[in-house]
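# Residue-level structure breakdown
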Amino acid sequence: MKPLEDFLIVDFSQFLSGPSAGLRLADLGARVIKIERRGGGDICRSLYTSDLEMNGASSVFHAINRNKESFAADLHDADDRELVTALLLKADVMIHNFRPGVMERLGFDYASVSAINPGIVYGEISGYGNEGPWKQKPGQDLLLQSLTGLTSLTGNAGSGPVAMGLSIVDMLAGAHLAQGLLACLYQKAMHGNGGLVQVSMLESAFDFQFETITTFLNDGRVLPLRTEKNNANAYLGAPYGIYQTADGHIALAMGSIPVLAELLSCEELIVFKDSAQAFDQRDLIKTILAGHLLTGTTAHWLSRLEPADIWCADVLSWDQLSSHEAFAALNMIQDVQMSDGYSYRTTRCPIRIDGELLTSSVGSPKLGQDNEQIRNEFNQIKTIHEA
Amino acid sequence: MKKPLEELLVLEFCQFLAGPSAGLRLADLGARVIKIERRGTGDACRGLAIKNLFVDDDSLLFHTINRNKSSYEADLKDPDDLSKVKKLIARADIMTHNFRPGIMEKIGLGFEQVSSLNPKIIYGVVSGYGNEGPWSAKPGQDLLVQSVSGLTYLSGSAGDGPVPFGLSVTDILCGNHLAQGLLAALIKRSRTGKGVLVEVSLLESALDLQFEVLTTYLNDGGKLPQRSAAREGAHAYLSAPYGLYQTSDGHIALAMGDLQQIAQAIGADLNGLTAGDAAAFRNRDEIIACLAQRLITGPGQHWLDQLDAAGLWCAPVLDYEQATSNKAYEAADIEQTVLIPGGHSIRTVVCPLRINGEKFKSAIPAPRLGAHNSALNAEFELN
């Protein structure tokens, strides 16, 4: 049995943050119904997110929304509202990521929904919370990276701001929402009560940086300083970084400089004996190390470092990784199929429960594909109630 | 208000970041979290400093990750200590560890062994690369996992070579996944009455982090990511104008948006680059270069005013000082104070979840190694 079997999630959210939480709950066993705008649906189906279209929607939409159903509704239409309300009466969880005020206008805010279903766990993601001067600003990932200082951590000292090349804040906010929902579902399982879970991308972005922001706040507010070259973490000393070799790259994590000097036969580094130098003189050490590592192949350096338990690794592209037997051993890729037979490949849920992979062969839904089925299901319930 | 995980007991055998960050989340949600630490040295993170910063003998990093927890010091190879730990396990709801595969089994604390002490235990395991395959014994360290996962080819620009994310992103994601798995396991246990095994690995978390772009790669004939040749580009898979642009006095971010409107708002000439289907993807680098050329000629606020007025998605790029000293940061209530015995205090970040309108703060500091041995010995009658 999957942990969330028999749970019903009604998900109004679009794009990535909310829907990624819905995907996690679906993989954990819940039934997730996307409530999508009639006509266009989740904006992620079409807008800006990928130049690869697969069976009528962006590749990104297919990645985020597999293992879900779609109910197309006009939330201003009385008939549709009645059905959505019926769904919410039965739901264990509802999710949305509209800007503050929208759900209040539509009448699906927490107060209204919990009035008809007090046991519901209600999750919402905003960009910047429901208060403060930015509350109406678009909660978009790159903007959040920029407004929270995150772009000052990646790249080298002279690079200017460098974004992390994925929608990392969206994904963290989604992960945090999933946690809040699960914590409240646990409480509901024990005591029967519902709850309200609120996450903002702003708070999630700072939580992501909890180590570095805490350092900043307690170290006289000194700004993060990336190394001139080979930077991998503005707050760590040498050798922490990725270095070019004669035929590729090698990653070096924490390690003693004199030990490295010996294993790599790099005499110039032997003088950096004091462990404080690894931080204080990290630019100089990295420059020497970078020059030295260029003179040999990655395999050569790994053959010297790995037997000595130095933390190091080859740097791989997806092609190199996916042809490696370590990747095959993970079983990370699954095939999923849409209702019209179209199938595609994607990753699976990263969590294993009781030794089992949480896989699902259900692909993403066509817009409104489940309207009729859901309508019948709920009309039957209505008929039984009225009889 | 009652927190959702009140009355739950969590034993944390984990070190470093991934496992302990999950423990911190559970603690903030109300659970009682006890770190079981190696006699003499404890969690190796106690000695692992960033910027050489220490507070009260332990690294500031350790304090950040392990606030709101207790510490029980034990030598798991000592039969006496082991039997005390087993008594604690018998009373626990959750235990987590990140030892390399096989170690806990050798000690006698593998999932099956522990299940006989406590058939309702939820047992969480963090590994680097899973329990099988040729990498299972490799060190599970963030930068190394980033490096083998392909993640380093997504940031920066085309000429950069691999660029790692400048935070321990795979550790942090993995900690989040562990917390999700443990919470889901609690729900499962409430229905079955049985213990649950939850396993996560840094590599699987690193791949999940890339699920959108990997799905594109897997269905696009294996085309590798093409970062922008323009250094302003911010995402290998998104079209122009997505990027960070220099202005005459700083930088601004420009997310997705209609290129004609953007060009009009800032008075840029896109030289016909937007003509035809998917031009924003096809001509991404040239369009970004055109916008960059225009934006460097004026101050950031000027451009933001023009772009905002047209409803376009933009923001200033802030450093840590600016990001943590503005009204939006204050309104979000992001900081809290942790009190260290002896009169020190630390400012740190609050749990990002708001439940029933409340944020869960705690002034309880990270524990000194073994600080709670005698209290726990007495409370749980371990002696």
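Keep in mind it's a predicted model, so treat the numbers as computed, not measured.

### A few points about the overall build of chain A
The helix and strand tally for chain A stands at 16 helices and 15 strands. Each of the three principal axes of chain A carries a C-alpha extent, and together these read 90 × 45 × 40 Å. Per-residue burial for chain A yields a buried fraction of 55% across its 387 residues. The contacts in chain A between residues at least 6 apart in sequence include a share of 67% that link residues at least 24 apart.

### Focus: the domain arrangement of chain B
As far as domains go, chain B holds domain 1 (9-209 + 334-379) and domain 2 (243-317). For domain 1 of chain B and domain 2 of chain B, the distance between their C-alpha centres works out to 43 Å.

### Quick word on helix 9 (residues 211-218) of chain B
The element helix 9 of chain B is extensively covered by neighbouring structure, given that seven of its eight residues are classed as buried. Of all the positions in helix 9 of chain B, only Phe211(B), Glu212(B), Val213(B), Leu214(B), Thr215(B), Thr216(B) and Tyr217(B) are classed as buried. Those residues of helix 9 of chain B that are buried lie in contact with helix 2 (59-65), helix 14 (318-322) and strand 13 (343-347) of chain A together with helix 8 (202-209) of chain B.

### Observations concerning the interface of chain B and chain A
Of the residues lining the interface, 115 residues belong to chain B; the matching set on chain A comes to 121 residues. At 14 residues, the largest contribution of residues to the side of chain B that touches chain A is made by helix 7 (residues 169-192) of chain B. Each residue belonging to the side of chain B that touches chain A can be placed in one class, and the counts come to 69 nonpolar, 32 polar and 14 charged.

### A closer look at the nonpolar core
Membership of the largest hydrophobic core comes to 249 residues, with the highest contact counts inside it found for Leu25(A), Leu181(A) and Leu182(B). Among the elements that make up this core, the one with the highest residue count is helix 7 (residues 168-191) of chain A (14 residues). When residues of this core are sorted by domain, at least three fall in each of domain 1 (9-209 + 334-379) and domain 2 (243-317) of chain B. Those residues in contact with Leu182(B) that sit more than four places away from it in its chain are Ala22(B), Leu26(B), Ile94(B), Ile122(B), Gly124(B) and Val198(B).

### A few points about the sheet that holds strand 2 (residues 31-37) of chain A
Adjacent strands of a sheet form backbone hydrogen bonds with each other and so pair up, either parallel or antiparallel. A sheet is described by the order of its strands in space; here eight strands give the open sequence 5(A)-2(A)-1(A)-6(A)-7(A)-8(A)-14(B)-15(B), paired in mixed fashion. The open sheet has two edge strands, strand 5 (69-73) of chain A together with strand 15 (358-359) of chain B, and neither has a second partner. Along the sheet, helix 3 (residues 78-90) of chain A contacts strand 1 (8-11), strand 2, strand 5 and strand 6 (93-96) of chain A; its crossing angle with strand 1 of chain A, the most-contacted strand, is approximately 140°.

### Focus: helix 12 (residues 284-295) of chain B
When the terminal C-alpha atoms of helix 12 of chain B are compared, their 16 Å separation across 12 residues agrees well with the 16 Å that a helix rising 1.5 Å per residue should span. Against the buried residues of helix 12 of chain B lie strand 9 (243-246), strand 10 (251-254), helix 10 (259-266), helix 11 (279-282) and helix 13 (300-309) of chain B.

Definitions and limits used
- Residues numbered from 1 in each chain as written.
- Chains lettered and ligands numbered in written order.
- Predicted model: local features only at pLDDT ≥ 70, side-chain atom pairs only at ≥ 80, totals over all residues.
- Helix = DSSP H or I, 4+ residues; strand = E, 2+ residues; numbered from the N terminus.
- Buried ≥ 20, exposed ≤ 12 C-beta atoms within 10 Å, placed from the backbone.
- Contact = placed C-beta atoms within 7 Å.
- Domains from an automatic or database assignment.
- Nonpolar A, V, L, I, M, F, W, Y, C, P; charged D, E, K, R; others polar.
- Core = buried A, V, L, I, M, F, W, Y, C linked by C-beta atoms within 7 Å.
- Pairing = 2+ DSSP bridges.
- Axes fitted to C-alpha atoms, helices over the stretch in contact; angles between N-to-C directions.
- Expected span 1.5 Å × (residues − 1).

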